[in-house]
Amino acid sequence: SVEDLGSSFAVTVAAKAYARFVELGLEGADAIFSDNCFDLAAGDAHRVTVDKREIFTDSPAQGSVLEGLTAESFRSMLTVRSIADTY
């Protein structure tokens, strides 16, 4: 789930089964998440935040801040994967 906290977004990721190396990303953009690449036990949830000033059109070094994102547009760009998705 994604929640708009005003100056940041909060992402809560939950797992039905053990999920190893959960990684968050944004399709077509880049962001600095408060935590990334974590494990989730079955039934657990983990909350991660991202400051809206740390969402970029490209890499943080080369892009500019992506303005005007709503929770819905952020959610549509959000990708979540674990090591199970890599094979």
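That block above? That's the structure.
The structure displayed is predicted, hence computed values, not measured ones.

Next up on the list: the pattern of salt bridges. Under the definition given, this model contains six salt bridges. Note that Asp-51 is salt-bridged to Arg-53, the shortest N-O span being 2.7 Å.

We now examine the sheet that holds strand S6 (residues 45–51). Two strands in a sheet stick together by hydrogen bonds in their backbones, pointing the same way (parallel) or opposite ways (antiparallel). Taking strand neighbours across the sheet as the criterion, the three strands line up as S1-S2-S6 in an open arrangement whose pairing is antiparallel. Of all strands in the sheet, those with a lone pairing partner are strand S1 (2–4) and S6, marking the two edges. Looking at each pair of strands side by side, their axes are set apart by 20 degrees on average, direction ignored.

For the rest of this paragraph, the subject is the sheet that holds strand S8 (residues 78–81). A sheet is described by the order of its strands in space; here three strands give the open sequence S5-S3-S8, paired in antiparallel fashion. Edge positions in the sheet fall to strand S5 (38–40) and S8, since each of these pairs with one other strand and no more. The average undirected angle you get between the axes of adjacent strands in this sheet is 35 degrees. Where strand S3 (residues 19–26) and S5 come together, two bridges link them in antiparallel fashion. Of the residues in S5, the one forming a bridge with Val-22 is Phe-38.

Attention shifts here to the side chain of Asp-51. By secondary structure assignment, the location of Asp-51 is in strand S6. Within polar-contact distance, the side chain of Asp-51 engages the side chain of Arg-53 at 2.7 Å. Excluding residues within four positions of it along the chain, Asp-51 makes contact with Ser-7 and Ser-8.

Before going further, it helps to spend a moment on the environment of Thr-12. Summarising the element assignment, Thr-12 is placed in strand S2 (residues 8–14). Residue Thr-12 is classed as partly exposed on the basis of its relative accessible area, which comes to 29%. Considering only alpha carbons, one finds Thr-12 and Ala-84, 72 residues apart in sequence, at a separation of 19 Å. Aside from chain neighbours lying at most four places away, what touches Thr-12 is Ser-1, Ala-45, His-46 and Arg-47.

In this section: a nonpolar patch on the surface. A surface patch of nonpolar side chains, about 360 Å² in accessible area, is lined by Phe-21, Ile-83 and Tyr-87. Considering the arrangement of structural elements, one finds Tyr-87 in the segment after S8.

Criteria and thresholds
Residues numbered from 1 in each chain as written. Predicted model: local features only at pLDDT ≥ 70, side-chain atom pairs only at ≥ 80, totals over all residues. Heavy atoms only, no water. Salt bridge = Lys/Arg side-chain N within 4 Å of Asp/Glu carboxyl O. Pairing = 2+ DSSP bridges. Helix = DSSP H or I, 4+ residues; strand = E, 2+ residues; numbered from the N terminus. Axes fitted to C-alpha atoms, helices over the stretch in contact; angles between N-to-C directions. Polar contact = N/O pair within 3.5 Å; in protein donor to acceptor, adjacent residues only side chain to side chain. Contact = heavy atoms within 4.5 Å. Buried < 20%, exposed > 50% of the residue type's maximum accessible area, 1.4 Å probe, protein only. Patch = residues over 30% accessible without salt bridge, like charges linked within 9 Å, V, L, I, M, F, W, Y side chains within 5 Å. Areas by Shrake-Rupley, 256 points an atom, 1.4 Å probe, with all protein chains shown as cover.

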